[in-house]
Each structure stands twice: as C-alpha cells, then as structure tokens.
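Tertiary structure, described
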2 protein chains.
Amino acid sequence: MNSVYIVKGNIIYTSRPAEFSVIPNGYVIIRDGRIAYCGESIPSEFESYPVEDYGDNLIIPGFVDTHAHAPQFCNRGLGMDKELLPWLETYTFPEEAKFSDLDYAKTVYSAFVNELWRYGTTRSILFGTIHKESTLLLMKLLSKAGLSAFVGKVNMDRNSPDYLIEDTDQSLHDTRVWLEEAQQFGPLVRPIITPRFVPSCTSRLMSGLGDLAVEYNVPIQSHLSENHGEIDWVHSLHPDSSSYTDVYCEHRLMGTVPTVMAHCIHLSDEEMERMHETKTMVAHCPYSNVNLSSGIAPIRKLLNHGISIALGSDISGGHDISMAKVLTEAVGLSKMKWAEVDASYASLTLSEAFYMATKGGGQFFGDVGSFETGYEFDALVIDDHELFDPNERSIEERLERWLYIGDDRHIVGRYVAGKLLDEPPMAM
Amino acid sequence: MNSVYIVKGNIIYTSRPAEFSVIPNGYVIIRDGRIAYCGESIPSEFESYPVEDYGDNLIIPGFVDTHAHAPQFCNRGLGMDKELLPWLETYTFPEEAKFSDLDYAKTVYSAFVNELWRYGTTRSILFGTIHKESTLLLMKLLSKAGLSAFVGKVNMDRNSPDYLIEDTDQSLHDTRVWLEEAQQFGPLVRPIITPRFVPSCTSRLMSGLGDLAVEYNVPIQSHLSENHGEIDWVHSLHPDSSSYTDVYCEHRLMGTVPTVMAHCIHLSDEEMERMHETKTMVAHCPYSNVNLSSGIAPIRKLLNHGISIALGSDISGGHDISMAKVLTEAVGLSKMKWAEVDASYASLTLSEAFYMATKGGGQFFGDVGSFETGYEFDALVIDDHELFDPNERSIEERLERWLYIGDDRHIVGRYVAGKLLDEPPMAM
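These figures come from a predicted structure and were not determined experimentally.

What follows concerns the relation of the copies chain A and chain B. In screw terms, the move from chain A to chain B is a rotation of 180° and a rise of 0.0 Å along the axis, fitting with an RMSD of 0.0 Å. Such values leave the two copies arranged in the relation of a two-fold axis. Of the C-alpha atoms belonging to chain A, the one lying closest to the rotation axis is found on A:Val341, 3.5 Å away. The fraction of interface residues of chain A whose copies in chain B are also interface residues reaches 100%, indicating that both copies meet through the same surface.

This part takes up helix 13 (residues 395–405) of chain A. Side chains that are three or four residues apart share a direction in an α-helix, a result of its 3.6 residues per turn. Most of helix 13 of chain A is tucked away: 9 of the 11 residues are buried. Taken residue by residue, helix 13 of chain A has A:Ile395, A:Arg398, A:Leu399, A:Glu400, A:Arg401, A:Trp402, A:Leu403, A:Tyr404 and A:Ile405 as its buried positions.

This next bit is on the interface of chain A and chain B. Contact residues are listed per partner, giving 51 residues for chain A and 52 residues for chain B. Both sides of the chain A and chain B interface together cover about 4000 Å² of buried area, and 56% of this is carbon and sulfur. Three residues stand out in chain A for area buried against chain B, namely A:Glu340, A:Phe388 and A:Arg409, and they jointly supply 16% of the buried area on that side. Where chain A touches chain B, the interface holds 4 salt bridges. Note that B:Arg409 and A:Asp408 form a salt bridge whose closest N and O atoms lie 2.7 Å from each other. Elements that contribute at least two residues to the side of chain A that touches chain B include exactly helix 1 (84–97), helix 2 (102–118), helix 9 (286–291), helix 11 (323–340) and helix 13 of chain A. For the side of chain A that touches chain B, the element with the most residues is helix 11 of chain A, which contributes 9 residues.

With that settled, the discussion passes to helix 12 (residues 350–362) of chain B. Residue and element names in this part refer to chain B. Taking 1.5 Å per residue as the helical rise, helix 12 with its 13 residues ought to reach 18 Å, and the 17 Å between its terminal C-alpha atoms agrees with that figure. Largest kink in helix 12: about 45°, centred on Met356. Burial analysis of helix 12 places 13 of its 13 residues in the buried class, which makes it a mostly covered element.

Attention shifts here to the UniProt feature "domain: Amidohydrolase-related" (unreviewed entry) in chain A. The UniProt record marks residues 59–420 of chain A with the feature "domain: Amidohydrolase-related" (unreviewed entry), using the residue numbering of this structure. A distance of 13 Å separates the end C-alpha atoms of residues 59–420 of chain A, which is 42% helix and 16% strand.

All names here are of chain A. This structure, assessed with the given rule, holds 0 disulfides over all chains. For Cys74, which is in no disulfide, the shortest distance to another cysteine sulfur is to Cys285 and amounts to 20 Å. Given a relative accessible area of 0%, Cys74 falls into the buried group. Cysteine Cys285 remains unbridged, with the sulfur of Cys264 as its closest cysteine sulfur at 9.2 Å.

What follows is about the environment of B:Gly186. Residues and elements named next belong to chain B. In this structure, Gly186 sits in the loop between helix 4 (168–181) and strand 9 (189–191). Accessibility expressed as a relative area gives 27% for Gly186, which makes it partly exposed. Taking the C-alpha atoms as reference points, Gly186 and Ser143, separated by 43 residues in sequence, lie 8.5 Å from one another.

The next thing to look at is the pattern of salt bridges. A complete count under the given rule lists 52 salt bridges over all chains for this structure. Across the pair A:Glu340 and B:Lys337 runs a salt bridge whose closest N-O atoms are separated by 3.1 Å. One end of the pair, A:Glu340, is in helix 11; the other, B:Lys337, is in helix 11 (residues 323–341), on a second chain. Taken individually, A:Glu340 and B:Lys337 each receive the classification buried, so the pair is uniform in this respect. The closest approach of N and O atoms between A:Arg398 and A:Asp384, which form a salt bridge, is 2.9 Å. Highlighted residues: A:Arg398 in helix 13 and A:Asp384 in the loop between strand 15 (379–382) and helix 13, separated in sequence by 14 residues. Among the charged side chains, a network of salt bridges with common partners joins A:Arg76, A:Glu115, A:Arg118, A:Asp408, B:Asp407 and B:Arg409.

All right, on to the sheet that holds strand 9 of chain B then. Residues and elements named next belong to chain B. Across the sheet, which stays open at both edges, the 4 strands sit in the order 5-6-7-9 with parallel pairing between neighbours. Unpaired on one side and paired on the other, strand 5 (63–69) and strand 9 mark the two borders of the sheet. Within this sheet the neighbouring strands show an average axis-to-axis angle of 15°, counted without direction.

On to the packing of aromatic side chains, then. All names here are of chain B. Applying the stated criterion across every chain yields a total of 32 aromatic pairs over all chains. When the ring of Phe63 is compared with that of Trp402, the centres are 6.4 Å apart and the planes differ by 10°; the resulting orientation is stacked. Separated by 339 residues along the polypeptide, Phe63 in strand 5 and Trp402 in helix 13 (residues 395–405) bring together distant segments of the chain. Accessibility classification places Phe63 together with Trp402 in one group, the buried group. The interplanar angle of 80° and the centroid separation of 5.3 Å between the aromatic rings of Phe99 and Tyr104 together place this pair among those described as edge-to-face.

Moving on to the domain arrangement of chain A. Residues and elements named next belong to chain A. On domain assignment, one finds that chain A holds domain 1 (4–62 + 369–420) and domain 2 (63–363). Once you take the C-alpha centre of each, domain 1 and domain 2 turn out to be 29 Å apart. At the interface, 31 residues of domain 1 touch 27 residues of domain 2. Summed over both sides, the interface of domain 1 with domain 2 buries roughly 2300 Å², with 62% coming from carbon and sulfur. When residues of domain 1 are sorted by the area they lose upon contact with domain 2, Leu403, Tyr404 and Arg414 head the list and together hold 25% of the total. Put simply, Glu372 and Lys359 hold a salt bridge, and the shortest N to O gap is 2.8 Å.

Reading guide: rules and limits
Residues numbered from 1 in each chain as written. Chains lettered and ligands numbered in written order. Predicted model: local features only at pLDDT ≥ 70, side-chain atom pairs only at ≥ 80, totals over all residues. Heavy atoms only, no water. Least-squares fit on C-alpha atoms with pLDDT ≥ 70 in both. Contact = heavy atoms within 4.5 Å. Buried < 20%, exposed > 50% of the residue type's maximum accessible area, 1.4 Å probe, protein only. Helix = DSSP H or I, 4+ residues; strand = E, 2+ residues; numbered from the N terminus. Buried area = accessible area lost by both parts, 1.4 Å probe. Salt bridge = Lys/Arg side-chain N within 4 Å of Asp/Glu carboxyl O. Expected span 1.5 Å × (residues − 1). Bend = angle between axes of the 7 residues up to and from the residue. UniProt positions renumbered as here; feature names shortened; annotations may be inferred. Disulfide = S-S within 2.5 Å. Pairing = 2+ DSSP bridges. Axes fitted to C-alpha atoms, helices over the stretch in contact; angles between N-to-C directions. Phe/Tyr/Trp six-rings, centres within 6.5 Å; stacked < 30°, edge-to-face > 60°. Domains from an automatic or database assignment.

Right, dumping it as structure tokens:
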C-alpha cells in the first residue's frame, strides 16, 4: 500500500445528518489510512501520487453495523412468527450452544465474515457467544479479513438453558483471560464487554463486568427495553430499581466507558434522560423490531433528547445484513410511527438514516464514517449502472435509488482504514 | 412442449391461508398446462411421461403481483421523502408523459418485463399510461415473454398536468379502440379498465368506463383510500357521495365485473361492507404504504369483513418488485399494526401472506396460484443451497428463509400456465 494515494469518483457522504455532501468527479486523498483531503481537485502538493479512478461510480463511506449476533448468522429469516423470549428459547439459544465446537464456529464465522465483506459492512459491533475460544476465533477471522469490529464474549449466568449458562466466577475469569488475549488483534479488532441482557446476568456478574470495563478501558454493549415481556421480567428481578436503564447504571454498565444499547423502544422520559447524561449510544435495529413484533422505537424523540443513534442489523432478530436495507427500513418505520402513532414525531430523512449507518455508528470507532479530513478511509465503490435507468439522475438520486433497490452485486470496491479489500476474505 | 410432463422436487404451496401444504420429494403432473395430479408418487397411468427432476430444490407457485405501474419502473427508489400527491406531481406524472414516445416505452417496458421474469412474478395486474399505443406494446412484450397479466390503459381527464390529461370523449374512444385491439393477445394477456383514481376522472368518464367494462366483460382496477389528503380531495369533489368507495359504486366501477382496488388503508366500516358485498379485491401494497407515509392498512380487519386480500409491489410507490419481499413486508407491517396501534388485529402469519401472494391474487386470473388439481401450472424452482446453512431444515423453514433472505439469484426455473420460460425474455 502506498502511504499516499488518491481515489476519484462521485463522492457522497454525510458530515451531518441534515444533508448529503456531494462532490461530483471528486478526489479523496488518503495518507497513512486517513483522509488528508476531500474535494473537487487535487492540491498541487499531491499531484505526483497515484490515482485510482472509479469513473462514474459512486464513492460512499463504509457501513457501520452497531448491533449483530455473529453466531446467529444461520438463523436469519427463521422463526419470524415468534416474539423475543420464545424466539430466544426455540431458535437462538440452541444455535449459540453449538459454538462450544470450534469447527462449527469456524465454518459459520467464516461465512459471516464473508457476508460482512460482500455487503460493505466495514465496521461492526458484534455479539459472540459465552465461549471464549470461538469468540477469539471470530476476532481472528475479522482481523485476517481486514474488517474492523468490536467483538464481545457474551456473559450469562442466570435464567438461561443448562447448555448455555456460566458459573459467575468462571464467567468473570474467562472474560479477563479473553480481554488479555484479545489485545493481540490490534486497533481494528477490539474487545467489548457484553452482558447479554439484565435477565440473564446476576448482579454480581454485572458489577464484575462493569469493573472489568473500567480496568481494561473497553466499551460495553448490551440490550435495553426491547419488548414488554422482557421489561416486566427485569422489573420483577430488580424491584428496587426504578427502571431497566437504572439496573445497568447501578451496576456501572452505563456512564463509565463508551456504551451502546440495542433497541431502546419503550424507554420512559426519565430513562431517555439517563441515556443522554451517560452518553449512551442507541443501536436502532428496525428489521429486528419488526420481525419480533417489538414495536417502533421513537427515534425522533430519542434524537430530541440528544441521544446518539446508530443502526444495527441485529442478525438474526433482523434478517437482512445489508446496512443499505437497514437504513431504508429505519426511514420506513419512522414514517409509520408518524402516520400511525404520533404525528409530532417527524419521519427520518434519508440523509439522517445514512448518517446513522455511517458517521453515527462510526463515532464509536473514533473518526470513522465520513470523508472529513482526519477520518479513517472506510469506503465503498458503487457501480449502479446495471440498475436500469435511461434518465439523467443527480448523485444524490443515484445513491437513494441504490440504497432502495441495489444490492451486493453493485459494490465493486471496499476500503477499511485505507486498505483496499479486493477479494472475499475466505474461500467457502 | 409435451402435453403431459412431470416435475419433481420439494413442493410447497398454500391451498388455504392457514397453513402450508408440503410434499417433500413430490411430483406435479401437468397436462395441457394444468395440474392433473400433485402428490408423493406418480400414479401408474402417468408412469411413461418425462420427469424433470429438480432434486432437492423447492417448487413453489409463481408470484402474483396485483398492483404495479409498469411506466414507473425507472422511478423505483426515488422521491421516497414525499407523500402521495406531491410525489405524483414531482416524479410520477413527468415520467409517465414520456410514454407517448414508443421508443422510450419499448426500452423501459422491455426492462420491466425482464425484471418480472427475473423475480418470478408470473402474473401481474398492471397500470400502463394514458397512451393506447404504448399500452398495447407492453401487452405485446408480456405476451412474447410468456408472462401473464391484466394490463390497463390509464384514463384521466381532470386535475392532471397539461401534458398528461385526456379529453373525455377521446379517452372513452381510445379505450374502446384499445379494448378491441387488446383481444389479440389471447388468454394470458388481457385488458383491464383502469380509471387512475377518482380525483383524475370526471363523472362522465367514470360512468363511461363502467359501461365499457360491462359491455366488454373486462375487469376493473383503480386506487382507493390511500392517503388522507387524497380522501379529503375526493370528498370535496363528490360532496353528495357518502364515501370514496361510494363514488366508485355510483359510477358502476365496483360491483359489476371483477374489481381490484389498491391500498384501502383508511376505509370506514361501511366502506368495508361495500367492498365485501361487491366482492372487490384489495391489492395491499405494504412497501408503497410505508414509502409514501400512507399508513398501515388494517388487513386483519379487512379479512374479518370477508374481503379478499392480494398483494402488490405498487412499483414505484413501492420500490421492490420482488413479491417474496413484498409478502414478508406485509407480515412485518401487520406486526407493527398489532404492536403499535391495536392488539386486536392479529399479525399475519407467513402462510397467510404467502397465500395472498399466490392463490389470493391468482383468483383474479382463474385457477391460479396453487398446486391443486385443475390449476394452471405457474411455478418457480428455488435453489436455496447458496444461502449458507450447515443445519438441517424443514421444507417450510427453507421457504421462510429464502423469502426473507433470498433473491432472484436463487430462482432457477419459471413456469407460466405449464410453459417453461427458461431464458430472460429480451436481450437488454
């Protein structure tokens, strides 16, 4: 890789939610993996560097998936007639148990990593399983593939099936060992503390994990307020806590290190305030919330509370790994909230949803998800010419059209942190 | 084509909404384009006929799209930030005006027909434009492709842009000429009377079209109750009619010949009763209703009123031509109606939605959309083996998984009325 190189094409991205930034036939100059310049012409000091000319293709930031369960990859599109808790019992837990077998893990995780590559998800925040070894294997495969991710060894020590439950001390011990070993993968693939959700973690486990997060300075991910049955269960398990959100706060799983909580559909105003105070990010997972009949998260209201929103595929509560489709689904669901529930919740615009799927989620990784100076160069090259259209369209219209009707066949280039990933990661 | 042949594979279909009928390694015997037998083994009288063995692949009925606008094909995924009326003005009407040019029509309609083929839509009910010649061209292309459709020359003589409006007498005259010429395409491609919707048709035009439908014994399609602004507009145009539905009834556009009305989101109970009495079918278009912020049609309530429900892509209010995706979106939207609006509206099951996308819509064509004896053999062969999954799954699980995460790449065979369509219809 040249330490400086230049990419040319129709550049479109969102530095802020309100609008797209568009540079037709523009240039991005990358130095040591980061953007040195993005604009209409090559500044004279860079004139001697090589240019990769993508012609009339679109160049957009890589997608960021802030919530997905890698071990549920095979279950996509299955059991869509169930709500969260029976779905976990019937489909999810039996599948996750298989990841005690490293061979099975290698087969599935290789396919999963390939699929992230195919669909242009350059960054992701992933749940593994309770199994330390297979979680390390997932990290290794991601690292080999050149993709960036936060990956969590899951913790669960109560209300879980016999075949998928941990002893509290062992869970904390395994997590510490895993955190040590996980340092080997470097800046692109990093560990994240991952209590599954309150019902499957004792207070002692949650507190221990909160301590480990601070001790190792690693972020935290979990689930929050997805389903009414789940919320009632949390209240019955923690009757002295004022809310589901408070249970996490009380165990120092929110408010210390960067934290992302999936779903957040049914939060009270007080809980939204806590989310804002603790700078907790929401991973909004529209397909999952539809499939598991969980409801429509009030994204406009969360935004109005100053909460950062990113998007998640939530494989396999969500069935579609494509963040292009996840972001159009987020727009659609917000329209249904407006039309059917409360017309004071303005729908999300396309640029808002695109921002969430790029820079919004990218913030969790640092300067990621935009083409501003200093940002890591994560990018996709989109060749939309096979999407039949004899009409002239603007760059923004072409992007909209591809997001709605395009797919992986049109992604012809993928960059992560300045590195071109030009082949599928593994032969399947 | 042999007058009798046999197809073998994993057969799955819905003869009724409540459940899938599944025949692993089963046989369908086709005689003169219709199903003579469907079951586990070949009856002795058919033993000598050729067998097309599709191995472990799935065999499902072809999809029926009961509402799509062929001339809006290029606009898929564009203007998704607008509601119905401004979207019509900005994107739809200017595009439809181009179909006065037969060369443009040929280019776009050829691509559209190819896409129907690709995605396994063996039957469709289509809007053309006001242009008689290009509508005949669309019928010719469909006929050449071997696909089956009802196609309508659109009528509109008020509240339309100057460049896309008809004189009333000319509109009726053109429709009569078109109905005569449209007889040439035979049983698979037939005309359907197509007033655009009440706001763009005068009373005299609507009455004239109602008369033509009866005179030529052809069915009728239009739009009904999609958007609050549209409904208010109809009320102001027809203050003496008790409802939008009544306007159609008063002009004999419902209740005489078979009729399909798209959307039907905001009907009153009285209107639902009229729909039931007049045996009017609803073309439910979930993606379109989301994209244009129209709302969630109360499908369970319509079903409880005894109304027949079919599904429509509504290209290009809807962006996705795949009826597999339209049917999973219908399931998802019904879950949101249940979760966010009224828990007395039970969600649609997958078999209910599959029924709507096959036999439900197929009823409009006769005995179509199922593998029962006497039905026309419309079928798709689905090779889902590239959808990575090391686990054993039932036929029903494999179908669910393909509907949610599969695409056109997995459709490896297409039959319409017993004829194998093994090549894309036109070179593009």
